[in-house]
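Breakdown of the fold
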Amino acid sequence: MEKKRIKRALVSVYHKDKLDIIIKKLHSEGVEFISTGGTQSFIESLDIPCSAVEDLTGYPSILGGRVKTLHPKVFGGILNRRDLDVDKAQIAEYDIPEIDLVIVDLYPFEATVAAGADEPTTIEKIDIGGISLIRAAAKNYNDVVIVASQDQYEPLFDIISANGAETTLEERRWFAKEAFAVSSHYDSAIFNYFDNKEKSAFRYSENNPKALRYGENPHQNGIFFGKFDDMFEQLQGKEISYNNLLDIDAAVNLINDFDDITFAILKHNNACGIASRPVLVDAWNAALAGDPVSAFGGVLITNAIVDKATAEEMHKIFFEVVIAPDYDLEAIEILSQKKNRIILIIKDAKVKAKQFRSLLNGVLVQDKDTHTETADDLKVVTEKVPAADEIEDLLFANKIVKHSKSNAIVLAKNKQMCASGVGQTSRVDALTQAIDKADTFKFDLKGAVMASDAFFPFPDCVQIASEAGITSVIQPGGSINDKLSIEKCNETGLSMVTTGFRHFKH
């Protein structure tokens, strides 16, 4: 495969870590350097000669640094086609030196926005020269190598270490692909800043692809784009799968709504057991009691440090993933006995504020459901007023039903989920499923509460709940038949509160 030699490089970067070894290697191969400002000083500090862009163009950096490299002698040197006679003639006529390698990165626009900078400061971090150099060099990948990010320093160094200052067309095309990924991501960030949540177009960019074993099923391909390691530290275990990631996401969103010490067990994105207790091992035992059958192979999450006593109880069942803010050393020794068990420390529980999914020939986008009801949101609509302990259970159950697949009903008592009915086509089916499950696992529903993710269109669920021993209900309200459900509560002696917030989840 024919290789092309790098004879001259233009280097202008913001990040200089690990750049020195590249510059030194290229210099040893006889490569000449052109640069600007701080990068020129950096190269010269290595005792390596470097020409200034200003000497090439005949113009100084102007407009406060906004214009440095935007000149035909720079872009002609990058864009000229080496095998085209007319291009050769023109660069000879205008004394334009060929540039075979461009190493450039971009002003940190996203970091500036994230830091809360004012608009003038943010605008100055929109790179013009850098993005132009990236596009020009990537377009002419047939002749030019483009390194558009610090992330590509290592691949470049590996190539020049193995082959000297020579690259193949395949290698140059790979760098061009990576460069356009950098430029498109950068422009998406700028657009979203100017769009200011107006949603005039859908632009979302995420880097860091991670190939998964497969997708939701073995015959589907799956890839995760994102910085998983920024959120979690994986202490041990097998490679995380597509379905693991779905459950981990559901688990983190659920546990984020709880302040008390809480343990949750999830299966297929729904909680099959969850409880809050002052002592973690008690929370675990109560969560497991909710459905010890479904817990098999589940994903576990807690918002407390896992201790030895809890780990000993957890270790008695098979589960795929456990997530916690930390673990005692003795707990790690116990849990790590199963080598495929995925043990995660959650470092940052912050999740994206938007949700989107591909659908038909487009994309659906919505704000994430981040509203969590408090006692101040509750409106008592019945003659009977729920007691203080019932209010606590109602809020507890309401947090769970918010994260359950619709139609959903959750039954709870003493900050323990007794049972749930999820993903049903009718609310009555969801309730009867929950009651049947509670009976299966010997829960006494007398004094329990019921949470619904949406309003009751008819009073039938109130009647069924009353017959099961449930004493209080929380629901969004808003049905034209609310009056009938309220009357049924008054007739059967139940209390009911409404929140005004529906929590559908598909």
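Here, every reference points to the structure presented above.
The structure reproduced in this document is the subject of the present report. (Residues numbered from 1 in each chain as written. Predicted model: local features only at pLDDT ≥ 70, side-chain atom pairs only at ≥ 80, totals over all residues. Heavy atoms only, no water.)

1. Remarks on the overall build of the protein
Counting its secondary structure elements, the protein contains 19 helices and 23 strands. Here the C-alpha radius of gyration of the protein, 30 Å, is well above what a compact globule of 506 residues would show, namely 23 Å. Taking the principal axes of its C-alpha atoms as reference, the protein extends roughly 95 × 50 × 40 Å. Buried residues in the protein amount to 46% of all 506 residues. Intrachain contacts of the protein at a sequence separation of at least 6 include 57% that bridge at least 24 residues. Element-wise, carbon and sulfur atoms account for 51% of the exposed surface of the protein, whose accessible area totals about 25,100 Å². A gap of 3 Å separates the mean positions of the 56 positive and 75 negative side-chain charges of the protein. (Helix = DSSP H or I, 4+ residues; strand = E, 2+ residues; numbered from the N terminus. Rg over C-alpha atoms; globule rule 2.2 N^0.38 Å. Buried < 20%, exposed > 50% of the residue type's maximum accessible area, 1.4 Å probe, protein only. Contact = heavy atoms within 4.5 Å. Areas by Shrake-Rupley, 256 points an atom, 1.4 Å probe, with all protein chains shown as cover. Lys, Arg positive; Asp, Glu negative; His and termini not counted. Charge placed at Lys NZ, Arg CZ, Asp CG, Glu CD.)

2. So, the packing of aromatic side chains
Here the structure, examined in full by the defined rule, presents 11 aromatic pairs. Between phenylalanine 109 and tyrosine 193 the ring centres are 5.7 Å apart and the planes differ by 90 degrees, which places this aromatic pair in the edge-to-face class. Here phenylalanine 109 is found in helix 6 (residues 109-114), whereas its partner tyrosine 193 is found in helix 10 (residues 169-195), with 84 residues between them in sequence. Put simply, the rings of Phe109, Tyr186, Tyr193 and Phe194 touch in pairs and so form one group of aromatic residues. Of note, arginine 203 hangs over the ring of phenylalanine 191, and the distance from its end group to the ring centre comes to 5.8 Å. One Lys or Arg, lysine 399, reaches over the ring of phenylalanine 258 and ends 5.0 Å from the middle of that ring. (Phe/Tyr/Trp six-rings, centres within 6.5 Å; stacked < 30°, edge-to-face > 60°. Lys NZ or Arg CZ within 6 Å of the ring centre and 35° of its normal.)

3. What to know about the sheet that holds strand 5 (residues 101-104)
Across the sheet, which stays open at both edges, the five strands sit in the order 4-3-2-5-6 with parallel pairing between neighbours. Each having just a single partner strand, strand 4 (51-52) and strand 6 (145-147) make up the two edges of the open sheet. Pairing of strand 3 (residues 32-35) with strand 4 involves two bridges; the strand directions are parallel. Each residue of the ladder has a partner; that of serine 35, found in strand 4, is alanine 52. Across the sheet, helix 8 (residues 129-139) is in contact with strand 2 (8-12), strand 5 and strand 6; its angle to strand 5 comes to roughly 150 degrees. (Pairing = 2+ DSSP bridges. Axes fitted to C-alpha atoms, helices over the stretch in contact; angles between N-to-C directions.)

4. Here's the deal with the pairing of strand 19 (residues 409-412)
The alternating pattern of strand 19 places Ile409 and Leu411 and Val410 and Ala412 on opposite faces, both of which are buried. Here strand 19 pairs with strand 20 (residues 417-421) via four bridges, running antiparallel. By the bridge assignment for strand 20, isoleucine 409 is matched with glycine 421. Joining the antiparallel neighbours strand 19 and strand 20 is a turn of four residues, in which asparagine 414 adopts a positive phi near 55 degrees. Sheet analysis places strand 19 next to strand 21 (residues 449-452), joined by four bridges and oriented antiparallel. By the bridge assignment for strand 21, leucine 411 is matched with methionine 450.

5. Focus on the side chain of serine 149
For serine 149, the location among the structural elements is in the loop between strand 6 and helix 9 (153-163). A relative accessible area of 14% places serine 149 in the buried class. A distance of 3.1 Å separates a polar atom in the side chain of serine 149 from the backbone nitrogen of aspartate 151. What serine 149 contacts, discounting residues up to four positions off in sequence, is Val104 and Val182. (Polar contact = N/O pair within 3.5 Å; in protein donor to acceptor, adjacent residues only side chain to side chain.)

6. Looking at the nonpolar core
Grouped together as the largest cluster of nonpolar side chains are 51 residues, with contacts concentrated most on Phe33, Ile78, Ile103 and Ile146. If sequence neighbours within four positions are ignored, isoleucine 78 has contacts with Leu10, Ile99, Val102, Leu133, Ala136, Ala137, Asn140 and Val144. If you look at the next biggest cluster of nonpolar residues, it comprises 39 residues, including Ile240, Ile301, Ala397 and Ala412. (Core = buried A, V, L, I, M, F, W, Y, C linked by side-chain atoms within 4.5 Å.)

7. Things to note about a nonpolar patch on the surface
Judged by side-chain polarity, Phe202, Tyr204, Phe356, Val363 and Val365 come together as a nonpolar surface patch covering roughly 420 Å² of accessible area. The residue valine 363 is located in strand 17 (residues 362-367) in this model. (Patch = residues over 30% accessible without salt bridge, like charges linked within 9 Å, V, L, I, M, F, W, Y side chains within 5 Å. Salt bridge = Lys/Arg side-chain N within 4 Å of Asp/Glu carboxyl O.)

8. Some points on unusual backbone geometry
The peptide bond linking serine 406 to asparagine 407 adopts the cis configuration, its omega dihedral lying at -15 degrees. The residue asparagine 407 is located in the loop between helix 16 (388-402) and strand 19 in this model. Positive phi, normally seen in glycine, also occurs at histidine 268, with a value near 50 degrees. Mapped onto the elements, histidine 268 comes out in the loop between strand 11 (262-267) and strand 12 (270-276). Histidine 268 sits in the exposed class, given a relative accessible area of 62%.

Such coordinate-based values are descriptive only and should not be taken to indicate function.
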